[in-house]
Amino acid sequence: MNVALRGVGTSMFGKQQDRHPSEFIWQAVIEALEAAEAQVHQIDAVYLGTVFGAPGVAQRALHALGIVGVPIITVENACASGTTALHEAITAVSMDRFDTVLALGVEKMTDQFAGAIHPESTDIEGRSGLALPSLYAMAATRYQHLYGLTDEDLALVAVKNHAHSVHNPRAQHRTPHTVDEVLASRMIADPLTLMQCCPIADGAGAAVVGRQRPGRSEVVVRSSVLRSGGLWDHTSEHVWGFDLIRSTARAAYEEAGLGPEDMNVIECHDAFTIGEIVTTDAIGLAAEGHGNELLRAGHTQVGGPQPVNPSGGLLSRGHPLGATGLAQAAEIVWQLQGRAGGRQVDGARIGLIETMGGGVAGIDGNACAIVILEGIDP
Amino acid sequence: MTTTPDPRPVAEMIAGTVLLHGWRCVDCRHPLLWSTPRCPRCGGTVEASSFGPEGVVWSSTVVRVPVPGRTPPYAMAYVDLDDGPRVLAHVDGPAERVAVGSRVRLLEQGIHGDVVVTEVGV
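Residues numbered from 1 in each chain as written. Chains lettered and ligands numbered in written order. Predicted model: local features only at pLDDT ≥ 70, side-chain atom pairs only at ≥ 80, totals over all residues. Heavy atoms only, no water.

Novice: Help me understand the packing of aromatic side chains, please; the structure alone is not making it clear to me.
Specialist: Here the distance between the centres and the angle between the planes together describe a pair of aromatic rings. All names here are of chain A. Tallying each qualifying case throughout the model produces five aromatic pairs over all chains. Consider the rings of Tyr143 and Tyr147, whose centres lie 4.8 Å apart with planes at 70°: the pair is edge-to-face. Of this pair, Tyr143 and Tyr147 are both found in helix H5 (residues 132-147), four residues apart, which corresponds to roughly one turn of the helix. Residue Tyr143 is classed as buried on the basis of its relative accessible area of 3%. Looking at Tyr147, the relative accessible area reads 29%, which means it is partly exposed. (Phe/Tyr/Trp six-rings, centres within 6.5 Å; stacked < 30°, edge-to-face > 60°. Helix = DSSP H or I, 4+ residues; strand = E, 2+ residues; numbered from the N terminus. Buried < 20%, exposed > 50% of the residue type's maximum accessible area, 1.4 Å probe, protein only.)

Structural data, given as C-alpha cells:
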C-alpha cells in the first residue's frame, strides 16, 4: 500500500499521577517527529485514540506544539483505541485523503481507577459485578477445561514477558519473576493471580504515518485490518475474543500475502496471561488449544523463533488503554530498525501488532486491530 | 451508579419453578436476554419468552477484587440454559469455581438483583 511508519515515539509508562496528560503526548509526539525528520507544519491530520481521555484531550495537548488548524479526530475502541487511530491514519494515507498523518494514543488511568476495571453498568456483565479480569478468567477456566492448560502454563506468559521487560527502560515493571512468584501472588479472579494482570498505567504513544519514500530505509505497512466482534452467545464455541482475533488475523495475512510463519516478532494483547495464549492460537502461531506449547518450548521468548511481546507486553510495560496500540507499534518499528537494545530480536524483518478491545456484553469484542509491518532497506 | 434501566434479566417463580424473562425471535427462535428492535441474527420480530430453570456451566471464576457496591469474593459462571441463551450468573454457596459442565438451576434473585444459580444435586 506504499504507506510507511516514518517515526514513532512514546512517553514513559507507569503510574504518573502528578503529570498532565498533555505531557505524555508532547513527549511521544516530539520523539516521533524527530525520528521521522518531520516538521509540525507537515502534519495535515491527527487521529487520537483514548478511552477515558477528557473531551478535547488531543487539541489541549497539540495546540501547544503548534499542531493547529488541521482535522483532529478522536476515536474510542476500548483497549484497541490507539491501534484504531493507527489503522485510520494508515488508511487515510493509503487512500490519499492526507499526506502526513499523526497517529496518537493517550490515557491517564490513574485519574480513573485504583483497581480493576469493571465493564459499563449499562451492560449485564458490568451490572452483575463482573470485573474485567474475571471476563478473561472465564476464558482461562474454559481453556483449562478443554485443553488441559495448567496454572503453570498461564504463569509462563508472565515469566516470559517480565523477563523481556528487564531490557525495556520505559516499562512500568522491570523485575524478573519466577513461576512460583507469579502463582503465589494474590488471586484476582480464579485462576488469574495479580502478576497475570496488566497494571494500571499512564502514558502516550505516537507514530508519523506517510507515503513510503523510495531509496530509503523504511518501516512499511504490509496490511492493516480493523474489525468489531460478532455476536457472542450460547452458540459460540470459542472463548470470548478468539473468533474476532482469528478473523482479523486471517484478513491481515491475506492482505499482506503472508502467513503466521512469516512473522519474526509480535506485540499482542496480553492484558492478562490467558490473553496471550488465546491470541497466539488465534493468529495461527499454534494450533487451537496449543498455545501453551509455544511457551514451554521457548518459541515465543526473545532468542526463540517467533518472540511475542519483547517489550514486556501490557503485563510489564503497563496498559494505558488508548496509548497501548501506539506503544506496540513503536516497539515493532524499533525492532525492525534494529534499535531495540537488549531485547532486540535478531534479524527481525516482519512484525505484527495485535490489540483486542472488549467489554460490551453480547459480542465477541468491541474491536480487534492487526497491523503487519516490514522493515525494508533500499 | 446509573439511572439507566437495570440491564439484568429478571427471574420469576412460575408454578414453583424459577424462569428467566427474555425474548425469542419469532422466525429463527434465537433466544435473547435483552429486548432488541429486531433479531440480531435474522432481522425477525422478537417476542417475550422465558428460559430455564436448568442449564450447564460453560465457564466459571471467583471474583476476588472489589467492585463498587460488592463484597468479594463471589463465584460467577456463564451458564448455557437448556434451550435458552448463555447467561452470566452468580453461583450460590461457597466462593469456589464450579466445574465446567456442571448442571445448575436458577434460584430466585437476591437483594442485589443478580441472576443466581445453584448446582443441581449439591
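Novice: Help me understand the confidence of the model for chain B in this model?
Specialist: For any part of a model where pLDDT is low, the fine detail of the predicted coordinates should not be relied upon. Residue and element names in this part refer to chain B. Mean pLDDT over chain B: 92, with 98% of residues reaching 70 or higher. No element of chain B has a lower mean pLDDT than strand S1 (residues 11-14), at 88, and none a higher one than strand S5 (residues 54-63), at 98. Interface confidence for the predicted complex, given as ipTM, is 0.95, next to a pTM of 0.96. (pLDDT = per-residue confidence, 0-100.)

Novice: Help me understand the pairing of strand S7 (residues 86-91) of chain B, please; the structure alone is not making it clear to me.
Specialist: Moving residue by residue along a regular strand, the side chains alternate between the two faces of the sheet. Residue and element names in this part refer to chain B. Across the six residues that make up S7, a large majority, six, are buried. Neither face of S7 is open: one carries Arg86, Leu88 and His90, the other Val87, Ala89 and Val91, and all of them are buried. Of the strand pairs in this sheet, strand S6 (residues 74-81) and S7 are connected by five bridges, and their pairing is antiparallel. From the neighbouring strand, Val79 faces S7, where its bridge partner is Val87. (Pairing = 2+ DSSP bridges.)

Novice: Help me understand the pattern of salt bridges, please; the structure alone is not making it clear to me.
Specialist: Side chains that differ in charge, positive against negative, can pair when their charged atoms come close. What the rule picks out here adds up to 24 salt bridges over all chains. One salt bridge connects Glu23 of chain A with Arg19 of chain A, and the closest N-O pair in it is separated by 3.1 Å. When its relative accessible area of 26% is taken as the criterion, Glu23 of chain A is described as partly exposed. Linking Asp6 of chain B and Arg8 of chain B is a salt bridge whose minimum nitrogen-to-oxygen distance equals 2.6 Å. With relative accessibility at 37%, the residue Asp6 of chain B sits in the partly exposed group. (Salt bridge = Lys/Arg side-chain N within 4 Å of Asp/Glu carboxyl O.)

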